[in-house]
Amino acid sequence: MTITYVVEEDHLYVNMTNRCPNACGFCVRSLNERREGEADLWLEREPTREEILEQLKSKDLDSYRELVFCGYGEPTCRFDDLVWLCRQVRQMSCVNIRLNTNGLSDLINGRSTAPELDGLLDSVSISLNASTPEKYQEICHSRFGLEALPAILKFTKTVGLYVPKVYMTVVDNMPREEISACERLCRETGATFRVRHFLDHQSYVEK
Ligand code: SF4
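Residues numbered from 1 in each chain as written. Predicted model: local features only at pLDDT ≥ 70, side-chain atom pairs only at ≥ 80, totals over all residues. Heavy atoms only, no water.

Draft legend 1. Looking closely at the overall build of the protein. The number of helices and strands found in the protein is eight helices and seven strands. Against the 2.2 N^0.38 benchmark of 17 Å for 207 residues, the protein shows a C-alpha radius of gyration of 16 Å, consistent with a compact globule. Here the C-alpha coordinates of the protein stretch approximately 45 × 40 × 30 Å along the principal axes. Scored against the burial criterion, the 207 residues of the protein give a buried share of 54%. The contacts in the protein between residues at least 6 apart in sequence include a share of 78% that link residues at least 24 apart. About 9900 Å² of surface is accessible on the protein, with carbon and sulfur atoms providing 46% of the total. (Helix = DSSP H or I, 4+ residues; strand = E, 2+ residues; numbered from the N terminus. Rg over C-alpha atoms; globule rule 2.2 N^0.38 Å. Buried < 20%, exposed > 50% of the residue type's maximum accessible area, 1.4 Å probe, protein only. Contact = heavy atoms within 4.5 Å. Areas by Shrake-Rupley, 256 points an atom, 1.4 Å probe, with all protein chains shown as cover.)

Draft legend 2. Inspection of the pairing of strand E4 (residues 96–101) at higher detail. By the criterion of burial, E4 is predominantly enclosed, with five of the six residues buried. In this fold, the crossover linking strand E3 (residues 66–69) to E4 by way of helix H3 (residues 79–92) has right-handed handedness. Bridge count between E4 and strand E5 (residues 123–127): four bridges; the pairing is parallel. Note on E5: the bridge partner recorded for Leu99 is Val124. (Right-handed = clockwise from strand over helix to strand, strands pointing away. Pairing = 2+ DSSP bridges.)

Draft legend 3. Examining helix H6 (residues 148–159) more closely. Over its 12 residues, H6 extends 16 Å from the first C-alpha to the last, a length consistent with the 16 Å expected when each residue adds 1.5 Å. The complete set of buried residues in H6 reads Ala148, Leu149, Ala151, Ile152, Leu153, Phe155, Thr156 and Val159. Summarising the contacts, the buried residues of H6 are in contact with E4, helix H4 (105–109), E5, helix H5 (133–140), strand E6 (165–171) and helix H7 (176–189). (Expected span 1.5 Å × (residues − 1).)

Draft legend 4. View of the sheet that holds E3. Strand order in the open sheet made by the seven strands is E1-E2-E3-E4-E5-E6-E7, with mixed pairing throughout. Edge positions in the sheet fall to strand E1 (4–7) and strand E7 (192–196), since each of these pairs with one other strand and no more. Going across the sheet, the axis of each strand differs from the next one's by a mean of 25 degrees, ignoring polarity. Bridge count for E3 against E4 is four bridges, and the pairing is parallel. Bridge assignment links Glu66 to a residue of E4, and that residue is Asn96. On top of the sheet, H6 reaches E4, E5 and E6; it is set at about 165 degrees to E5, its chief contact. Its contacts with the sheet put H7 on E6 and E7, and the angle it makes with E7 is roughly 150 degrees. (Axes fitted to C-alpha atoms, helices over the stretch in contact; angles between N-to-C directions.)

Written out as structure tokens, the structure is:
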């Protein structure tokens, strides 16, 4: 079971869950693409938070540039465990902590979750994917339907009050006008806009 894995030699990624309320067409979970030597991120069962912490304790966390809560699914499906783990890591290391998320935490957890991240993260990267609720639904097939994108934008605005660096990302295979429309939306939230390379396999993993 792959709970942690290293990306670019100095980023330690944490894999907490396969679950996600979306079913994006480009998701690695559905593409099931893996290069030779890459870890199989599919979890036969979810590790407990204590098991994840044990793994983290076995590493020299300060030797990494970042600790990233990322895939395989959506980390905020285990929001309470995520918060608990971040607290533990803060007590034992100075490593920067990033959350890669689809931004749907509030809908997943049924409350405004950003305030609970206060002081626990150094950065958040939120996938934007589309400029309208309809387009988002076309691409991401969220179980939240047209509520998804407005909730993501609200979460992004709010989390900026509690986390120093907030990014919204899109992939570069989108039409140029759509990328510009996404950038405008992103600016309204106060987040920093980033375009990732679609063909970079790692970009899928980073969401
Ligand atoms: S939000 Fe991320 S984990 Fe969820 S389906 Fe889309 S790409 Fe996959």
